[in-house]
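Close look at the chain arrangement
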Amino acid sequence: VKLTIAVLAAVSLAGCSVGETLMNDVYVDEPSDLSAEFVENIQECPDAWGHLYEEWYLSIGGFKVSLLDMQFAVLDDQESIFSQVIRSQWEHQLDLGMKEEAWGRWPVSERSFRRKMFNAAVAFEAYVPEECASLSWLDPFIWRGLQDAGKGYGTEFLILSDAPRDFEWSSPYLQHWFLFWMLTPHPEVVNLMRKS
Amino acid sequence: LNKRLSAVLGSFANGAVTAAMAYAFGQAQSRSSSTVGSTAGSGADPVEVPDAIHVEESGFPTAADAAKAAGARYGQQGVDSRREVQLGIVRLGEDNFGYLTPGWGPEGSTIVDFGPLLSAYRGAGHSPHAWMHGHFDHNLYFSANDFPLVWDRPGATYLVNRRLEVRRLTNQHLQNAAKNVPAHYPGGLRGVQMYYHSQGLPGDRL
């Protein structure tokens, strides 16, 4: 029995990496579907999120030097759908009692990241095609914004001033940090929202 | 500021210096509400299509072998130039695969519309068997945004990452991954994309 368990465990460990299969030996190659219609369709999600992002970018006046400043801009922005959805996410987090020193830390747990992105995706569903709900579509646009912001300093990309120092930032970590904490109101923002 | 800049530069390793400099300036100017950057865009960035399209190399017994050869040839170039390589793998006969002249995304872009390159391939008389692209950033796996290429579809898509690993993703990988998606997530592709947003999926390393 012990041997069986050991063999099963070994097989499981070898093949259990999520999404990674032992296909090298069994994969049967087939032509991909690269029809013009399909290729056109897969641009639908980048286009939908790109429009939302661009409207937001222009409405808040571009990227700021800190995420807190960007949250202040979202508070002020009464025009874009994007800011409206972000504020709707903040509304549910006003009683969390997060301390200032905890806000903006990285990394966060996979579970926390997934929960935050899931809730936001549900909120954005009304504004993008149904099949485009994943916030992963935002990653390249946030990256584009951070690169554009970096150009102002002659750098490859901007690391916002409230991102932790003890991390080697690059894509895609920076976008994920940005999205997670953009969707989490800073204690100063919480206070402002409570007062209003 | 100089003291702070030195401290921040010292805290970053391996080529993150330019970003660290931006960080330092960000630190210095925080709470100023100043706006940085001046451009905005929408949608995917267009691929740069080469003037002439050829079968660059052929004679590979499988598409995977052709992908490995293309990855070895263009992977580092993509990392160095911070541009996503995009190319088609073609089947030229029984046990004979090759790869076509690549196109390149704009510098720094992580979302590239490869449609114009595919059209150019067709215009040159080539019908790709599979598609391959590169990740110059630290995303070593297939991102959630790559999943639509093979979701509920035949064939495979290939990736070369900044470690020059060549990977293959198929619908089977996605269907296996879908089994781990919690029941409260949407079904189908978007649920898988949402659940694997952070890490993506590794597929097979070739």
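Each remark here, short or long, concerns the structure printed above.
We now turn to the structure provided with this report. (Residues numbered from 1 in each chain as written. Chains lettered and ligands numbered in written order. Predicted model: local features only at pLDDT ≥ 70, side-chain atom pairs only at ≥ 80, totals over all residues. Heavy atoms only, no water.)

Examining the overall build of chain A
Along the backbone of chain A there are 9 helices and 1 strand. Of the regular secondary structure in chain A, the N- to C-terminal order runs α-α-α-β-α-α-α-α-α-α. Burial statistics for chain A: of 196 residues in total, 54% are counted as buried. A sequence separation of at least 24 residues applies to 73% of the contacts in chain A between residues at least 6 apart. For chain A, the accessible surface area stands at approximately 9,100 Å², while carbon and sulfur atoms represent 55% of it. (Helix = DSSP H or I, 4+ residues; strand = E, 2+ residues; numbered from the N terminus. Buried < 20%, exposed > 50% of the residue type's maximum accessible area, 1.4 Å probe, protein only. Contact = heavy atoms within 4.5 Å. Areas by Shrake-Rupley, 256 points an atom, 1.4 Å probe, with all protein chains shown as cover.)

Describing the overall build of chain B
Within chain B, the secondary structure is distributed over 6 helices and 11 strands. Scored against the burial criterion, the 206 residues of chain B give a buried share of 56%. The long-range fraction of contacts in chain B, counting pairs at least 24 apart against all pairs at least 6 apart in sequence, stands at 65%. Put simply, chain B shows about 8,200 Å² of open surface, and 46% of that area lies on carbon and sulfur atoms.

Side note on the pattern of salt bridges
Tallied over the entire structure, the rule returns 16 salt bridges over all chains. A salt bridge links Lys151 of chain A to Asp148 of chain A, with the nearest nitrogen and oxygen atoms 3.3 Å apart. One end of the pair, Lys151 of chain A, and the other, Asp148 of chain A, are both in helix H7 (residues 139-151), 3 residues apart, so they sit about a helical turn from each other. Owing to a relative accessible area of 61%, Lys151 of chain A belongs among the exposed residues under this scheme. Arg73 of chain B is the salt-bridge partner of Glu56 of chain B, the closest N and O atoms lying 3.2 Å from each other. You can see Glu56 of chain B sitting in strand S3 (residues 55-60) and its partner Arg73 of chain B sitting in helix H3 (residues 63-81), a full 17 residues away along the chain. Through salt bridges with shared partners, a single network forms among Glu125 and Glu130 of chain A together with Arg190 of chain B. (Salt bridge = Lys/Arg side-chain N within 4 Å of Asp/Glu carboxyl O.)

A few points about the state of the cysteines
All names here are of chain A. Inspection of every chain in the model, using the stated rule, returns 1 disulfide over all chains. With its sulfur 2.0 Å from that of its partner, Cys45 forms a disulfide with Cys132. Its S-S torsion of approximately -75° makes the covalent link between Cys45 and Cys132 left-handed. Here Cys45, found in helix H3 (residues 44-60), pairs with Cys132, found in the loop between helix H6 (110-124) and H7; they are 87 residues apart in sequence, far enough to count as distant. Exposure remark for Cys45: the relative accessible area of 7% places this residue in the buried category. You can call Cys132 buried: its relative accessible area is 0%. (Disulfide = S-S within 2.5 Å.)

Examining the packing of helix H4 (residues 67-76) of chain A against helix H9 (residues 187-195) of chain A
Residue and element names in this part refer to chain A. Following both chains from N to C, one finds H4 and H9 inclined at 20°, their axes separated by 10 Å at the closest point. Here H4 is positioned roughly parallel relative to H9, judged by the angle of their axes. The crossing of H4 and H9 is right-handed. The segment H4 lies against H9, with Leu68, Gln71, Phe72 and Leu75 engaging Glu188, Val189, Leu192 and Met193. Among the residues making up the contact of H4 with H9, the classes are represented as 6 nonpolar, 1 polar and 1 charged. (Axes fitted to C-alpha atoms, helices over the stretch in contact; angles between N-to-C directions. Parallel < 35°, antiparallel > 145°, perpendicular 65-115°, else oblique. Left-handed = near helix turned anticlockwise from the far one by under 90°. Nonpolar A, V, L, I, M, F, W, Y, C, P; charged D, E, K, R; others polar.)

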